[in-house]
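# A look at the structure
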Amino acid sequence: MFKKISYILIAALVLGTFASAQTAKIAFIPKLTGVGFFESGGAGAENMGEQLGIQVKYDGPNTASVSGQVQYINNFVNQGYNALVISSLSPDGLHQAISRAQDKGLIILTWDSDVNPQDRSFYISQGTAEQLGRLLVTMAADQMDDPTAGTKKIAFHYSSPTVTDQNQWTVVAKGIIAEEYPNWEIVDTIFSNNDAQKAVQVPTALFQANPDLDAIICPDANALPGTAQAAENLGIAGKLIITGFSTPNVMRPYVKNDTVAAFGLWDVVKQGKLSIFVANMLVNGEQLKVGDSFDVPDVGTVEVSPNSVQGYEYQGEVNNGIILLPERVVFTKDNIDNFDF
Amino acid sequence: MNKKLKSVLQSRELLVLFLLFILIISTGLFNSNFLKANSIIEIFNTSLTLMLIAVGEMFVIITRGIDVSVAAITGLSAVVLGTTLNMGWPIALALLATIATGILAGAVNAVGVTFLKVPPIIMTLGTLGIYRGLMRIIAGGSWIERLPQNIKNPNIWRFLDIPFFVWLSIAIVIVTSIISFKYKKARYLYAVGDNANGAFLLGIPVKLSLFSAYTLAGLFSALAAIVYTSQIGFISMNAADGFELKAIAACVLGGVGLMGGVGTAIGAAIGALFLTAVRSMLVFLGIPGILDNAFAGAILLLVVYIDYRVRKSLEYKQIQARAQSEDSTNTGVNQ
């Protein structure tokens, strides 16, 4: 009798550990913590974790440093996580840490900012560089009476020339401008390195150096509110087009007082949710090929695209590619109150 | 050399101001928009956060110490300001809480340095981490956004076309300078920095002087936080990050001696103005943003080098002059 009970107990224990090994442990790593954009992505990720009944941890370095990210990756590997979803600061800088994680059997995905496609399974992308670069140009052009008439003076302002995603969008946007709006003259491209004070100072100088500027395009969460604040400080708000990418919460006052008429982004909360959903599928051993599509709660139907949509040559057979968020959002006075991130 | 010019060149403050003037004129040759009063006023306006932090840092450097937590205190005070405002506190109360935070944070450094005898760099490096950490805890890790308009309004107030904050900061710098020249107890800081043991033997309260230097640094960092919040309009978790080094650079540039005992608030303020102006000039000159840091660093080195050469040659001339006069007196005796 005792023997029987102990057998059952042992069986239950074995089953129990087996079952708990099945619940995925997934880490969701931002470029840096403490920034509204990443915090919101992290909140979406953890929310999806709750929905799926798995363990999701949002954490990362508190300054944007590659070595900080490497430390976090190594820590998560040592703590026995099954999958890491990373917004990468540097494709090459993370290569070794990622390889080590993969050797230990972890699944690597990226979100927001990619690594080399050989180093990860899927990149959960906010949109291709073409989509986002075009969005930047469209948002500026839509605010002009006639974008093709007369000379327009344009400037760009973002964090730094080494940030992969922002740089790609800007290159695409500049290409579109050269081709479709040859009357737009790009007078300057300025950088503020994620520093809020610089994000106000540099455009202040730019506005004064170029008093006849028509539009400034700022695809960076710090650069856009900084530029809007600079225009407000100089009392020129509303006299030129200020647009770009940032989060609705920080931009709300500038949209409400007409300094910024329209700016764009994607729903980063959904991006977090989608990332965790896909990571969990892979942890459970599912195989996804280019062209497969599936439904994700709160997000909608998504499709697996080849790496080539982001301009890569490498393409793995299964579980390798890019999953795009279904839509991007343009925020205006009319819809901004529907968003809270 | 004319005596007046000599004394101008000997004062680091005026030399840097002179070089700043030259830089402004030469930038103006390339882009005349730079010479408009508004551009100069905006550079002044942008430099205020750094200026206030640098003046605070000056008190500590004068005592032969160093405080690398000043920018973290600015960040922490800004978070206190933003959080209390968003909780619906009246602005006067929120400002008081901000200033109290700065004074308290400075006093913690002061206790560590004066009573626990922790070396200043270690103490303030420690509190740098603690204050940055506290910032995150208070703010819950994300930016402080949606600040009420009343904190942003003072930034738009202008008298005679010059922003209110510029007037206020100039007043603070001038009053601070006057106090540190005329008020006997303020001279204690210089005495302590020049020779702490000597000051002690003269009956100067060394500990109290050191204590007030670090506390003042905290107070000025909090004032900087108020200007920062008003001008930027949102508070990110890396607010004022890196300003500790810029503030030290501004002090050195403005003639505050790292060996203690020498320096003025006006000097620190001019140093801050110079550092800020360099960054804005690069935009006016259309220098590609990629090269910003390299250019700013190079110009800084150049200024310090010019200062060093001018000083050396003046010293040499003085020695020469002295040697000559001694020669002549000597020969006089012999004859």
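Up top is the structure.
### Observations regarding the packing of aromatic side chains
Residue and element names in this part refer to chain A. Enumeration according to the criterion identifies 22 aromatic pairs over all chains in this entry. Judged by centre distance (6.5 Å) and plane angle (45°), the ring pair of Phe 28 and Tyr 58 falls under tilted. A residue pair is termed long-range when its members are at least 10 positions apart, and Phe 28 in strand 1 (residues 25–29) and Tyr 58 in strand 2 (residues 55–58) qualify at 30 residues. This pair shows no difference in class: Phe 28 is buried, exactly as Tyr 58 is. Aromatic pair Tyr 158 and Phe 191: ring centres 5.0 Å apart, planes at 80°, arrangement edge-to-face. Here Tyr 158 is found in strand 6 (residues 152–158), whereas its partner Phe 191 is found in strand 7 (residues 184–191), with 33 residues between them in sequence. Phe 191 shares its class with Tyr 158; the two are buried. Ring-pair connections join several aromatic residues into one group, and the members of that group are Phe 28, Phe 37, Phe 38, Tyr 58, Trp 111, Trp 169, Phe 245 and Trp 266. Above the ring of Tyr 81, the side-chain terminus of Lys 25 is found at 4.8 Å from the ring centroid.

### With respect to the pattern of salt bridges
Scanning all chains against the criterion turns up 12 salt bridges over all chains. Here Lys152(B) and Glu232(A) are joined by a salt bridge, their closest N and O atoms 3.9 Å apart. You can see Lys152(B) sitting in helix 7 (residues 149–152) and its partner Glu232(A) sitting in helix 8 (residues 223–234), one on each of two chains. Comparing Lys152(B) with Glu232(A), the two get one shared label, buried. A salt bridge links Lys333(A) to Asp258(A), with the shortest nitrogen-to-oxygen separation between them at 3.1 Å. Placement of the pair is Lys333(A) in the segment after strand 14 (329–331) and Asp258(A) in the loop between helix 9 (248–256) and strand 10 (263–265), with a sequence separation of 75 residues. Overall, Lys333(A) belongs to the partly exposed group, its relative accessible area being 42%. Bridged by salt links that share partners, the residues Lys31(A), Asp112(A) and Asp165(A) form one connected network.

### Let's talk about the interface of chain B and chain A
The interface is formed by 39 residues belonging to chain B together with 42 residues belonging to chain A. Summed over both sides, the interface between chain B and chain A buries roughly 3,200 Å², with carbon and sulfur atoms accounting for 52% of that surface. Three residues, Trp143(B), Arg146(B) and Val283(B), lead the burial of chain B against chain A; their summed loss comes to 19% of the area buried on that side. Our count for the contact surface shared by chain B and chain A stands at one salt bridge. Applying the counting criterion to the chain B and chain A interface returns eight residue pairs in polar contact (both at pLDDT 80 or more). Elements supplying a minimum of two residues to the side of chain B that touches chain A: helix 3 (37–62), helix 7, helix 11 (206–232) and helix 13 (265–284) of chain B. Here the residues of the side of chain B that touches chain A sort into nine nonpolar, 21 polar and nine charged.

### Overview of empty space enclosed by the protein
Overall, the coordinates contain five cavities of 30 Å³ or more when judged by the stated rule. Size it by volume and the largest cavity reaches roughly 80 Å³. In terms of lining residues, the largest cavity is bounded by Gln197(A), Val200(A), Gln201(A), Thr204(A), Asn233(A), Glu42(B), Asn45(B), Thr46(B), Gln231(B) and Ile232(B). Taken together, the elements giving at least two residues each to the lining of the largest cavity come down to helix 7 (196–209) of chain A together with helix 3 and helix 11 of chain B. Counting residues per element, the lining of the largest cavity draws most heavily on helix 7 of chain A, at four residues. A breakdown of the residues in the lining of the largest cavity according to their chemical character gives two nonpolar, seven polar and one charged. In this model, the second largest cavity occupies a volume close to 60 Å³. At three residues, helix 9 of chain A tops the list of elements feeding residues into the lining of the second largest cavity. Grouping the constituent residues of the lining of the second largest cavity by class yields five nonpolar, one polar and three charged.

Conventions we followed
- Residues numbered from 1 in each chain as written.
- Chains lettered and ligands numbered in written order.
- Predicted model: local features only at pLDDT ≥ 70, side-chain atom pairs only at ≥ 80, totals over all residues.
- Heavy atoms only, no water.
- Phe/Tyr/Trp six-rings, centres within 6.5 Å; stacked < 30°, edge-to-face > 60°.
- Helix = DSSP H or I, 4+ residues; strand = E, 2+ residues; numbered from the N terminus.
- Buried < 20%, exposed > 50% of the residue type's maximum accessible area, 1.4 Å probe, protein only.
- Lys NZ or Arg CZ within 6 Å of the ring centre and 35° of its normal.
- Salt bridge = Lys/Arg side-chain N within 4 Å of Asp/Glu carboxyl O.
- Contact = heavy atoms within 4.5 Å.
- Buried area = accessible area lost by both parts, 1.4 Å probe.
- Polar contact = N/O pair within 3.5 Å; in protein donor to acceptor, adjacent residues only side chain to side chain.
- Nonpolar A, V, L, I, M, F, W, Y, C, P; charged D, E, K, R; others polar.
- 1 Å grid on protein atoms, 1.4 Å probe; cavity = no way out; pocket = protein on both sides within 12 Å on 5 of 7 lines; lining within 4 Å.
- Points joined across faces, edges and corners; volume = space filled by probe spheres on them.

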